[in-house]
Structure formats: structure tokens, C-alpha cells
Amino acid sequence: MWNRVQETVKFLQDKGITKPAYGIILGTGLGNLVEKIEIEIKIPYAEIPNFPISTVAGHSGELIFGTIGTKKVIAMRGRFHYYEGWTMEETVFPVRVMKYLGVENLIVSNASGGVNPAFKVGDIMLITDHINFIPDHPLRGKNEDRFGPRFVDMHEPYSHKMIAKMEQIADKMNVPIQKGIYLALQGPTFETPAEYRMVKLVGADAVGMSTVPEVIVAKHMGITCFGISVITDLGVEGIVEEVSHEEVQEVAKKSEKIVGKLVEEFVKS
Ligand code: HPA
């Protein structure tokens, strides 16, 4: 794993990718955040050695390097999900690569189902914490000490400072914001009504199929994380409705302009 990461890092550095301060993972329907980036280099995943290739419709895979304001950023347009069949190691590989390109801060975005009755479809939720219910772990197995420690501290998975900063920005922009706990399930099925109820009972506000593996690995390597989720459907008792990937994409698409603007201001400041 170490050697593969270094090989990929070398390839990307030779292409001209140097020291991005921010890594950004663009989730479902949020790919247009990319419009906020002054793009310098764009590389399809298929051309990057050791990179998995995303297969889900709406998750086109390319790595984007550029600037937002004065900050250098590297963005993944299209991420890898465990449910696609990738191993955990493959799922988180790009985050390992980001670290050795110089990334110190990771911004992850996703779409999720809200189980908090105060939530509405289209709400933007800042992720304050997570619960890992994916039946696997990206750090299972022999630890690579060069990446980080065997036992990783997770007392602040999502930076309190960054959450406070984003709240300030949203306030200034008059954008209402929710905060909450994100629970990751394996998928690819959406939840049954009983499963949504379980998600709520164990203390989460929203449920999705991503993000947690990437954040775990980022924390393993000492990267500061920030997560933002668009509530695309509700799994609230009494109003659990049919949900489809298309609908999730559609709602995420509606919110992506505002999420893009928030993240742009956030990185600039
Ligand atoms: N469940 C799981 N993943 C999701 C959902 C959901 O309701 N909405 C968007 N991603």
C-alpha cells in the first residue's frame, strides 16, 4: 500500500500537482462544486496509476487540481463506495494519496437521508460526528506506521473550528444550516422504515453510504476534516417515502449551487 501510494503521488507531482492545502471529495450530485475551482490540471481516474475507477452513474471520475481564491485544492470528482465492491483499502486510496501530495484539510460532501424530524428535504447539514456501521474498517489489518498510529484518536473527527467557521459564513450569507451526526451503512439498498428508525434510535440525524471510511483514514494520517451533507430524502417515522437514486441526485443538484458557494467562501477565508 505504501509503495503504491508513493508511486501515484510521484505520478501526480510529475503532472504538476504541488502541495494542495485542501482536499475535496465531491459526493453525489455535488460534482458541480467544481465550478468554483480555477482548474489547472484535470486527470481522469483511468489514467492515474493504482486508482480505482468509479462505476456508478453520476459519479464521473476525475482528479482536479486548481485554486479557490489563493488556496490550492485537489478535488475528487467521483468517489469510491464500498458497495461498488471495492475493498476498504481501494475506497480510501485517494485520501492516502492526497496526504502525500500535501493536503492538511479534507472537505467531504455527500447526500444523505434525514432521520431527524426537524429536517426537510434539501437541508444542508454540517457533519458534527459520525457512526460507522459499515461492516468493515479501512484500518483493519497490520498497521502501516508510516501512515499513522495503530489506535487512532477520534475525539474530534470533524473540526469544531471549521464547523464554527462555516456556521459564521452561512449566517452571513443567510443560508439556514443544520448540524448533525452522520451514520454510514454499507448500502446499496436505501433503508427500510425499520432501519431508518434504528438509525434515529442509535443517535444519528442522517444516514448515507460513504464518507466515514475516508474520514477515518484522513484522521489516521493527521488530516483535519470537515463534512457537509445534503438531506435528499427523509426517513422520518410517518413520512418514510419512496426514494430513488435519481431523486437523490435531483435534490442534491438543487442544493449544490449553495453548497458550492459556502465551500468557496469557506476555503477563501
Ligand atoms: N439512505 C442512504 N443513503 C442515502 C440516502 C438514504 O436515505 N439518501 C442519500 N443517500
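The coordinates are above.
Residues numbered from 1 in each chain as written. Predicted model: local features only at pLDDT ≥ 70, side-chain atom pairs only at ≥ 80, totals over all residues. Heavy atoms only, no water.

A. View of the overall build of the protein chain. A tally of helices and strands in the protein chain yields 6 helices and 9 strands. In terms of C-alpha radius of gyration, the protein chain reaches 17 Å, essentially the compact-globule figure of 18 Å for 269 residues. Put simply, the protein chain has 269 residues, and 55% of those count as buried. Partitioning the intrachain contacts of the protein chain with sequence separation of at least 6 by distance along the chain shows that 83% fall at a separation of at least 24. Of the charged side chains in the protein chain, 29 are positive and 34 negative, and the gap between their average positions amounts to 7 Å. (Helix = DSSP H or I, 4+ residues; strand = E, 2+ residues; numbered from the N terminus. Rg over C-alpha atoms; globule rule 2.2 N^0.38 Å. Buried < 20%, exposed > 50% of the residue type's maximum accessible area, 1.4 Å probe, protein only. Contact = heavy atoms within 4.5 Å. Lys, Arg positive; Asp, Glu negative; His and termini not counted. Charge placed at Lys NZ, Arg CZ, Asp CG, Glu CD.)

B. A look at helix H6 (residues 245-268). Between its terminal C-alpha atoms H6 stretches 32 Å, which fits the 34 Å expected from 24 residues at 1.5 Å a residue. Helix geometry: H6 is bent most strongly at Glu256, by close to 45°. (Expected span 1.5 Å × (residues − 1). Bend = angle between axes of the 7 residues up to and from the residue.)

C. Examining a nonpolar patch on the surface more closely. Taken together, Phe133, Met198 and Val202 make up a surface patch of nonpolar side chains, about 220 Å² in accessible area. Positionally, Val202 belongs in the loop between helix H4 (193-201) and strand E8 (206-208). Residue classification places Val202 among the partly exposed residues on the basis of a relative accessible area of 39%. (Patch = residues over 30% accessible without salt bridge, like charges linked within 9 Å, V, L, I, M, F, W, Y side chains within 5 Å. Areas by Shrake-Rupley, 256 points an atom, 1.4 Å probe, with all protein chains shown as cover. Salt bridge = Lys/Arg side-chain N within 4 Å of Asp/Glu carboxyl O.)

D. Just the nonpolar core, in detail. Within the largest apolar cluster, 76 residues are counted, with the highest numbers of intra-cluster contacts made by Leu106, Met166, Phe226 and Phe266. A per-element tally of this core places helix H2 (residues 88-101) first, with 7 residues. Beyond its immediate sequence surroundings of up to four residues, Phe226 is in contact with Leu106, Ile107, Val108, Leu126, Tyr158, Met162, Ile163, Met166 and Phe266. Within the second largest apolar cluster, 11 residues are counted, among which are Ala111, Val115, Ile131 and Val243. (Core = buried A, V, L, I, M, F, W, Y, C linked by side-chain atoms within 4.5 Å.)

E. Highlighting a negative patch on the surface. A contiguous patch of negative charge on the surface is contributed by Glu241, Glu242, Glu247 and Glu250. Position of Glu242 relative to the elements: it lies in the loop between strand E9 (224-234) and H6.

F. Up close: the packing of H2 against helix H5 (residues 212-220). Between H2 and H5, the shortest axis-to-axis distance is 9 Å and the interhelical angle comes to 55°. Relative to H5, H2 is oriented oblique. When you trace H2 past H5, the crossing you get is right-handed. Contacts between H2 and H5 pair Met88, Thr91, Val92, Val95 and Arg96 from the former with Pro213, Glu214, Val217, Ala218 and His220 from the latter. (Axes fitted to C-alpha atoms, helices over the stretch in contact; angles between N-to-C directions. Parallel < 35°, antiparallel > 145°, perpendicular 65-115°, else oblique. Left-handed = near helix turned anticlockwise from the far one by under 90°.)

G. Expanded view of the side chain of Ser112. The topology assignment puts Ser112 in strand E5 (residues 105-114). Polar side-chain contacts of Ser112 include one of 2.7 Å to the side chain of Ser229. Contacts of Ser112, omitting those with residues within four sequence positions, involve Tyr182, Ala206, Val207, Gly208, Ser229, Val230, Ile231, Thr232 and Asp233. (Polar contact = N/O pair within 3.5 Å; in protein donor to acceptor, adjacent residues only side chain to side chain.)

H. Here's a closer look at the site of the ligand. Around the ligand sit Ala111, Ser112, Gly113, Phe190, Glu191, Tyr196, Val207, Gly208, Met209, Thr232, Asp233 and Val248, and those are all the residues in its vicinity. Within the contact set of the ligand, a nitrogen atom lies 3.3 Å away from a backbone nitrogen or oxygen of Gly113. Coverage of the ligand by the protein amounts to 96% of the 260 Å² it exposes when considered alone. Mapped by element, the contributors of at least two residues to the shell around the ligand are E5, E8 and E9. When residues in the shell around the ligand are grouped by element, the largest group, 3 residues, is from E5. (Near = heavy atom within 4 Å.)

I. Region of interest: the pairing of strand E7 (residues 178-184). Sheet analysis places strand E6 (residues 124-132) next to E7, joined by 7 bridges and oriented parallel. Residue pairing across strands places Ile127 opposite Gly180, the latter belonging to E7. Bridge count between E7 and E8: 3 bridges; the pairing is parallel. By the bridge assignment, Leu183 is partnered in E8 with Val207. Taking the sense of rotation as the criterion, the β-α-β connection linking E7, H4 and E8 turns out right-handed. (Pairing = 2+ DSSP bridges. Right-handed = clockwise from strand over helix to strand, strands pointing away.)

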